[in-house]
Amino acid sequence: MNIKTEYVEEKSPYELRSTKITLENEVILAPETRRMFEEAIGAMRHHKTIYTDWGFGAVDPMGRNMILNLYGPPGTGKTLAAEALAGTLNRKYIHIGISELESKYVGDTAKNIASAFKAATNENALLFFDEADTLLGARLSSVTQGIDNEINAMRSTLLIELERFNGVVVFATNFAKNYDSAFVSRIRYHIEFKLPDLEGRKQLWNRLLVTGVPLGEDRVLIIERAAVASDGLSGREIRTVLRTAFPRALVENSVDPKVLWIHLESAIDD
């Protein structure tokens, strides 16, 4: 008797992709944040000299990988910067959120983590974990139910994979204080992302207010006023302001629309 079996390929919990954006051209960073990235990139590019030619690898076996942590408020560009770092390094990019790792099946979350590291190794890809505080929290000492065992297994697997990995891992979080010390000690660069200052907001407004937008007032003056008025807003929130302001200009005059300061001001106030 011949029994026909059908092979169903298991869907990967992550997406591997290429990126064309770079830190140099597409990301607006505070000076100190950019300096930290440049230092990390320099360490990667001179890795052979330090660890092989100088022999530092004999006393620093963990130095074969590069682990970065990007932390700061939501909307400050952490995810964009991680992808742009992959572009700067000319590497592919794997973006993983906790929802892509978690599984309803016992043990599968840890397997998904191991699978992601394997793919990053095979593809020489930068491995990016978003919302990393969920992953990097303290292991539970009082285990009372099955989910506790799953969390501990997930975090133990992540520690093991970080020890073995030879590539680049980037974590991002809004809550770095929740990290377990075992993970903190393995991260080489902790890079802070702050809300943009006045100069940073000017650069963001200049970038996001694309030249195709018809303005009814002087562009330089609008950017100056918007930068002052948007104090406390993140880059993401400034983009949301523009998403709100542009339709207002079109509703007001769809025949010959002009974006005015009043449209931006009201959107900022909202």
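Just so it is clear, the structure is predicted and the values come from calculations on it, not from any experiment.

Rules behind the numbers
- Along each chain, numbering runs from 1 in the same order as the chain's sequence is written.
- Local features are withheld for residues below a pLDDT of 70 in this predicted model, meaning they are given only at 70 or higher, and side-chain atom pairs are given and counted only at 80 or more; totals for whole chains, interfaces and linings count all residues.
- With hydrogens and water set aside, each side-chain value is computed from the structure's full complement of heavy atoms.
- In this description a helix means any DSSP run of H or I spanning at least four residues, a strand means any run of E spanning at least two, and both kinds are numbered starting from the N terminus.
- Burial classification: accessible surface area is computed with a 1.4 Å probe over protein chains only, and a residue below 20% of its type maximum counts as buried, one above 50% as exposed, and the rest as partly exposed.
- Note on contacts: a residue pair qualifies if any of its non-hydrogen atoms lie within 4.5 Å across the two residues.
- Only the protein chains shown count as covering a residue, and every accessible area follows the Shrake-Rupley method with a 1.4 Å probe.
- Side-chain atoms within 4.5 Å link the members of a nonpolar core, which is a set of buried Ala, Val, Leu, Ile, Met, Phe, Trp, Tyr and Cys residues.
- Here, a strand pair is defined by DSSP locating no fewer than two bridges between the strands.
- Every residue gets a pLDDT, meaning the predictor's confidence in that residue, from 0 to 100.
- Axis definition: a line fit to C-alpha positions, over the contact stretch in the case of helices; interaxial angles, taken between N-to-C directions, run 0 to 180 degrees.
- Convention used here: angles under 35 degrees read as roughly parallel, angles over 145 as roughly antiparallel, angles from 65 to 115 as roughly perpendicular, and any remaining angle as oblique.
- It is the rotation of the near helix from the far one that decides the hand of a crossing: anticlockwise by less than a right angle makes it left-handed, clockwise makes it right-handed.
- The nonpolar class holds Ala, Val, Leu, Ile, Met, Phe, Trp, Tyr, Cys and Pro. Asp, Glu, Lys and Arg form the charged class, and all remaining residues, Gly among them, are polar.
- Each direction from the helix axis to a C-beta atom contributes to the arc, which is the arc of those directions.
- Two N or O atoms count as a polar contact when they lie within 3.5 Å, although within protein this holds only if one can serve as hydrogen donor and the other as acceptor, and sequence-adjacent residues are included solely when both atoms are side-chain atoms.

Undergrad: Could you give an account of the overall build of the protein chain, naming the residues involved and the relevant values?
TA: Along its length, the protein chain carries 12 helices and 6 strands. Burial analysis of the protein chain (270 residues in total) assigns 42% to the buried set. Taking the intrachain contacts of the protein chain between residues at least 6 apart in sequence as the baseline, contacts between residues at least 24 apart amount to 74%. Element-wise, carbon and sulfur atoms account for 52% of the exposed surface of the protein chain, whose accessible area totals about 15300 Å².

Undergrad: Describe the nonpolar core, listing the residues and the values that go with them.
TA: In terms of nonpolar packing, the biggest core is built from 28 residues, with Phe117, Phe129, Leu135, Leu158 and Phe171 touching the most fellow members. The set of elements that each furnish at least two residues to this core consists of β3 (93-96), α5 (98-101), α6 (108-123), β4 (126-129), α7 (146-164), β5 (168-173) and α8 (181-184). Element by element, the count of residues in this core is highest for α6, at 5 residues. When neighbours within four sequence positions are excluded, Phe171 is seen to be in contact with Ile67, Leu68, Asn69, Leu70, Phe128, Phe129, Ala132, Leu136, Leu158, Leu162, Tyr179 and Ile187. Judged by nonpolar contacts, the second largest core, of 27 residues, contains Met36, Ala86, Ala172 and Ile191.

Undergrad: I'd like a rundown of the pairing of β3, residues and numbers included.
TA: Neither face of β3 is open: one carries Tyr93 and His95, the other Ile94 and Ile96, and all of them are buried. Inspection of the sheet shows strand β1 (residues 15-17) paired to β3 by 3 bridges, in the antiparallel sense. Across the sheet, Arg17 pairs through a bridge with Tyr93, a residue of β3. Where β3 and β4 come together, 4 bridges link them in parallel fashion. For Ile94, the partnering residue across the bridge sits in β4 and is Leu127.

Undergrad: Account for the confidence of the model for the protein chain, with residues named and values stated.
TA: When the pLDDT values of the protein chain are averaged, the result is 87; 89% of them are 70 or greater. No element of the protein chain has a lower mean pLDDT than α5, at 74, and none a higher one than helix α10 (residues 219-229), at 98. Counting interchain partners and residues more than four positions distant, the pLDDT-below-50 stretch residues 1-11 has 0 contacts.

Undergrad: Hey, could you go over the packing of helix α11 (residues 235-252) against helix α12 (residues 261-269) for me, with residue numbers and the actual values?
TA: Interaxial distance between α11 and α12 falls to 8 Å at its minimum, and their mutual angle equals 135°. Judged on the interaxial angle alone, α12 and α11 are oblique. As for how α11 packs across α12, the hand of that crossing is right-handed. On α12, the residues that touch Val241, Leu242, Thr244, Ala245, Arg248, Ala249 and Glu252 of α11 are His263, Leu264, Ser266, Ala267 and Ile268. Considered class by class, the residues forming the contact of α11 with α12 number 7 nonpolar, 3 polar and 2 charged.

Undergrad: Quick one: what's the story with α12, residue by residue and with numbers?
TA: Buried residues of α12: Trp261, His263, Leu264, Ala267 and Ile268, and no others. The buried residues of α12 occupy an angular sector of 160° when projected down its axis, which confines them to one face. Among the exposed residues of α12, those pointing more than 90 degrees away from its buried face are Ile262 and Asp269. Where α12 is buried, its residues touch α9 (198-208), α10 and α11.

Undergrad: Explain the packing of α10 against α12 to me, using residue names and the numbers behind them.
TA: Running from N to C, α10 and α12 cross one another at 10°; their axes reach a closest spacing of 11 Å. Put simply, α10 runs roughly parallel to α12. Here Ile222, Arg225, Ala226 and Ala229 of α10 come into contact with α12, specifically with Trp261, Leu264 and Ile268. Classifying every residue of the contact of α10 with α12 by side-chain character gives 6 nonpolar, no polar and 1 charged.

Undergrad: Quick rundown of the environment of Asn124? Include the residues and the values.
TA: Tracing the sequence through the fold places Asn124 in the loop between α6 and β4. A polar side-chain atom of Asn124 sits 2.8 Å from a polar atom in the side chain of Arg91.

Undergrad: I'd love a proper account of the environment of Leu80, names of residues and values included.
TA: By the secondary structure assignment, Leu80 is in helix α4 (residues 78-88). Overall, the relative accessible area of 39% leaves Leu80 in the partly exposed class. For the pair Leu80 and Val27, spaced 53 residues apart in sequence, the C-alpha separation works out to 7.3 Å.

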